[in-house]
Amino acid sequence: MTGSPRQPLSRRTLLGTGIGVAVLSATGTGTARAAQSTSSAAHRAHAFLAAAMDGYPDHGTIRLAQSYTDQSGLFSTAFTYDNALAILALLASPGGGSRAVALGDALLYAQAHDPVHDDGRLRQAYNVGPYTFYDGSPQPDGFVRADGTANVGTQFGFTGTAVGDMAWAGIALSALAGRTGERRFLTGAVRIGEWIERTGRTDEPLGGYKFGVNGADEKLPFTSTEHNTDLVGLFGRLARLTGDKAWRERRARARAFVERMWEPSGGFFYTGTNDGVTINKSPIPEDTQTWTHLALASRTHSRSLDWAATELAVLDTADRPNSTVPSGQSYEGVTFSSASLAANEDAPIADGQPRPDRNGVWFEGTAHLALALRDRGSAGDAQRARRLLASIERAQDLLGTGQSIGGTALAARSGVVSASSPLDTGFGFGYYPYRHTGATAWYLLAGARANPLRA
């Protein structure tokens, strides 16, 4: 961040222990996909979500989905954001309703059984199965601890509450309320919205809603374009479901902040502000270009998709420095941010991590872009989206083999890895070739043309 302290690690923080990924030998970039239909790829993606939910059958039926495969080194961590996406992807697919309801009820359980707070918040992540931590300390519980409280992810410090995570959980619960008519889901979503209003609202010059709180319940000073974009989606849903005009005013406040981050000369959105006064102008992330279109539906701002598709475009091949793509394969898509393209390839992303590949494809963001292009529908958008989806489907076929959830091997070619090769986000953390609930869910949303930010 240009001369300013970095924002704290977000919902995407990944503290893996290295690559450790086995991959299939190359059969060429297109051959493996030629015999596979999109419907088959979606079916296998759903199989991965089911495996992520069912990885610890001996630890109760109240459960969340594990976010990454065991090989990531995060054990049974289940990020709130990833589970919200899984709910939305399941609702967008035939036959996914019962699993979506199960995940929604688990979020409600976490909200009602926090070990410290009873104010509607959710934490960044939870543990959903037993493991032994790196220091040798046993972690015997599943998602529901022996005392009945939700098993918050304290071992990795995933104890804070970010407005973005809360917004996505609220969107998912609102979607469940709209689909099922069950009052409990709307009640949970409203509690989330009210927590955000109490905790995040700011009267600083740039306005909007601030980042959230850390694990010590201290308010964080940053304001994120991404988070406020999420709130446009959440508050809009709550306005429709409750009929309360207060949510329309809150949606307008979040939208006004997002629009203040627009750079008309370049056709993109900045990442946010550290102090509520000065706009951060670097790095420029992908999601603030694609989610803004999905939430705002603004032709004035839809050029941000072209910026992302052009300025963050990458092609990962085996001959790239630090690439882990097998010989003969290649993957196209977008990377995480402008800083990812300038990452230091001679140094590890973080202590104990591999060196980054500047051309590593971020498959979650690639799915964001594919969905946004399909939603916009301008000349050439459908073709560009299809190419991006084909790259994701090829990655599901060929990358991340030999991985497991809860010690059980995954079915072949099920689940999308978060990145084609190690990539540095530029925000203090990286992504790696581990199969990922969030990336898989975004692929399913893009394939179904289901826009979670606009009901």
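Just so it is clear, the model here is predicted, and its values are computed rather than measured.

Tallying each qualifying case throughout the model produces 27 salt bridges. The salt bridge partner of K210 is E204, with a shortest N-O separation of 2.7 Å. Under the relative-accessibility criterion, K210 is labelled buried at 12%. For E204, a relative accessible area of 24% translates into the label partly exposed. With a shortest N-O distance of 2.9 Å, E259 and R255 are connected by a salt bridge. Of the two residues, E259 and R255 are both situated in helix 8 (residues 245-260); the distance of four residues between them amounts to about one turn of the helix. The network of salt bridges with common partners includes E194, E197, R201, E249 and R250.

This brings us to the layout of surface pockets. There is about 160 Å³ of room inside the second largest pocket. Around the second largest pocket, the lining comprises 13 residues; the ones closest to its centre are L88, L91, A175, R179 and R237. For the lining of the second largest pocket, the element with the highest residue contribution is helix 5 (residues 163-180), accounting for three residues. Here the lining of the second largest pocket is built from residues that sort into eight nonpolar, two polar and three charged.

The biggest cluster of nonpolar side chains holds 109 residues, and the ones touching the most others in it are W168, I196 and W442. Examining the composition of this core, we find that eleven residues originate from one element, helix 5, more than from any other. Ignoring sequence-local partners within four residues, the contact set of W442 consists of Y81, L85, W168, W291, L294, E364, A367, H368, L371 and P452. Grouped together as the second largest cluster of nonpolar side chains are 19 residues, Y131, F158, W362 and F427 included.

It is worth spelling out the packing of aromatic side chains at this point. Using the criterion set out here, one finds 31 aromatic pairs in the structure. With a centroid separation of 5.0 Å and 55° between ring planes, the pair formed by F75 and Y134 is classed as tilted. With F75 in the loop between helix 2 (38-53) and strand 1 (77-79) and Y134 in the loop between strand 3 (131-132) and strand 4 (138-139), this residue pair connects regions lying 59 residues apart in the sequence. Judged by its relative accessible area of 19%, F75 is buried. Using a relative accessible area of 49% as the deciding quantity, one classes Y134 as partly exposed. Aromatic pair F79 and F158: ring centres 4.9 Å apart, planes at 55°, arrangement tilted. You can see F79 sitting in strand 1 and its partner F158 sitting in the loop between strand 4 and strand 5 (161-162), a full 79 residues away along the chain.

What counts and how
Residues numbered from 1 in each chain as written. Predicted model: local features only at pLDDT ≥ 70, side-chain atom pairs only at ≥ 80, totals over all residues. Heavy atoms only, no water. Salt bridge = Lys/Arg side-chain N within 4 Å of Asp/Glu carboxyl O. Buried < 20%, exposed > 50% of the residue type's maximum accessible area, 1.4 Å probe, protein only. Helix = DSSP H or I, 4+ residues; strand = E, 2+ residues; numbered from the N terminus. 1 Å grid on protein atoms, 1.4 Å probe; cavity = no way out; pocket = protein on both sides within 12 Å on 5 of 7 lines; lining within 4 Å. Points joined across faces, edges and corners; volume = space filled by probe spheres on them. Nonpolar A, V, L, I, M, F, W, Y, C, P; charged D, E, K, R; others polar. Core = buried A, V, L, I, M, F, W, Y, C linked by side-chain atoms within 4.5 Å. Contact = heavy atoms within 4.5 Å. Phe/Tyr/Trp six-rings, centres within 6.5 Å; stacked < 30°, edge-to-face > 60°.

No statement about biological role is implied by the geometric values presented.
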